[in-house]
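# Structural overview for review
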Amino acid sequence: MNLEIPAPSSQVVQGRLGYYQQFSIEKKSMTVLEYKQLAESDKYKTPDHFDYGDLERKYWKNIIYRPAIYGADVSGSITDKDVDVWNINKLGTILDYVNEDYGIKIEGVNTAYLYFGMWKTSFAWHTEDMDLYSINYIHDGMPKTWYAIPPKHGRRFENLANRIFQFEASKCPAFLRHKMTVISPNTLKNYSIPYDKITQEKGEFMITFPFGYHAGFNHGFNIAESTNFASPRWVEYGKRASQCCCHQDSVKIDMDTFVKRIQPEKYRLWLEGNDIGPHPEDPHFTSSATLSSKSNILSKNNNTGIHTKAAKKRPRPRHRRSD
């Protein structure tokens, strides 16, 4: 409870009729105990409700009111170090090559992040950096509700988001990577975008898959831990993942070591820019797999140390706070 949350953020939501943008305003640091007391205060506590469905309706009805404060992206782990099974810090997947071959630790990607939530704190629609897998565990507290779009329908969701948020899409084709876009499940239904909904409770793990768009909210005070991981299946996704170019510190992983190790038969073609093929979830469109740039944060073998995940630098809110 004495652990410091260095940069909790107030989540300001703008929009209407199921389309929203979420902005984060950084607050002063506080301890977990102070955060818990705040989360359980009359101002921020979970409202009375009959069941998960009732609480979900209250969330969407009140999303733009009374911004909640999220203690997100806290570097570290509270899993016992001697735990060898389902330890988020010891997953032992091919993502470990990033540290082994490049000497890089990316906070929240190949190291653990802690998340301290309260009622109505949210995570906007996104896929993971480089379309990696993710794993999330609730150590203690109240549940999270997740919405997830099957990866095969990811392009349909992107097309919908591009139509709704045309200004943002014109500025950055990968604007969903900014993690600011909130679209209600009723809107997805109206546009026939399939999605799944599940509530994760204390002591349960949640895993998301490559190119699996997901979003959700916390039911009340809780403590969660998460990171990313990879499997050989992911490499094709990583080679063809969209990239945000408007944020210089966005996470871009040099795919060289993965292609060389996992797809040696494609390595020369990839280096030559001739690795032509479809995205695994978009078989109707073929393109050349993205080559790593010399300026990528992880493309330099002598680049050692810890890189802070881009999500910690959040966009400032516009002057107009609400609709």
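Data block above holds the structure.
Our subject in this report is the structure included herewith.

## Here's the deal with the nonpolar core
Counting residues in hydrophobic clusters, the biggest one holds 56 residues, and the most contacted among them are Trp 125, Phe 157, Trp 234, Ile 253 and Phe 258. Apart from residues lying up to four places away in sequence, Trp 234 is in contact with Ile 94, Met 130, Asp 131, Leu 132, Tyr 133, Pro 210, Met 255 and Phe 258.

## Considerations on the packing of aromatic side chains
Under the criterion given, the structure shown has 22 aromatic pairs. A centroid spacing of 4.7 Å and a plane angle of 40° characterise the contact between Trp 86 and Phe 205, whose relative ring orientation is tilted. Of the two residues, Trp 86 is situated in the loop between strand S5 (69-75) and helix H3 (97-102) and Phe 205 in strand S13 (residues 205-208); the sequence distance between them amounts to 119 residues. Since its relative accessible area comes to 29%, Phe 205 is described here as partly exposed. With 6.2 Å between their ring centres and 65° between their planes, Tyr 147 and Tyr 195 make a pair best called edge-to-face. Residue Tyr 147 is found in strand S10 (residues 144-148), and its partner Tyr 195 is found in the loop between helix H6 (185-190) and strand S12 (196-200); the two are separated by 48 residues along the sequence. When its relative accessible area of 2% is taken as the criterion, Tyr 147 is described as buried. Seen from the ring of Tyr 97, Arg 261 lies directly overhead, with NZ or CZ sitting 3.8 Å from the centre.

## With respect to the sheet that holds S13
Strand order in the open sheet formed by eight strands is S11-S3-S2-S5-S7-S15-S9-S13, with antiparallel pairing between adjacent strands. The open sheet has two edge strands with one neighbour each: strand S11 (181-183) and S13. Put simply, the sheet's adjacent strands are angled 30° from each other on average, direction ignored.

How each quantity is defined
- Residues numbered from 1 in each chain as written.
- Predicted model: local features only at pLDDT ≥ 70, side-chain atom pairs only at ≥ 80, totals over all residues.
- Heavy atoms only, no water.
- Core = buried A, V, L, I, M, F, W, Y, C linked by side-chain atoms within 4.5 Å.
- Buried < 20%, exposed > 50% of the residue type's maximum accessible area, 1.4 Å probe, protein only.
- Contact = heavy atoms within 4.5 Å.
- Phe/Tyr/Trp six-rings, centres within 6.5 Å; stacked < 30°, edge-to-face > 60°.
- Helix = DSSP H or I, 4+ residues; strand = E, 2+ residues; numbered from the N terminus.
- Lys NZ or Arg CZ within 6 Å of the ring centre and 35° of its normal.
- Pairing = 2+ DSSP bridges.
- Axes fitted to C-alpha atoms, helices over the stretch in contact; angles between N-to-C directions.

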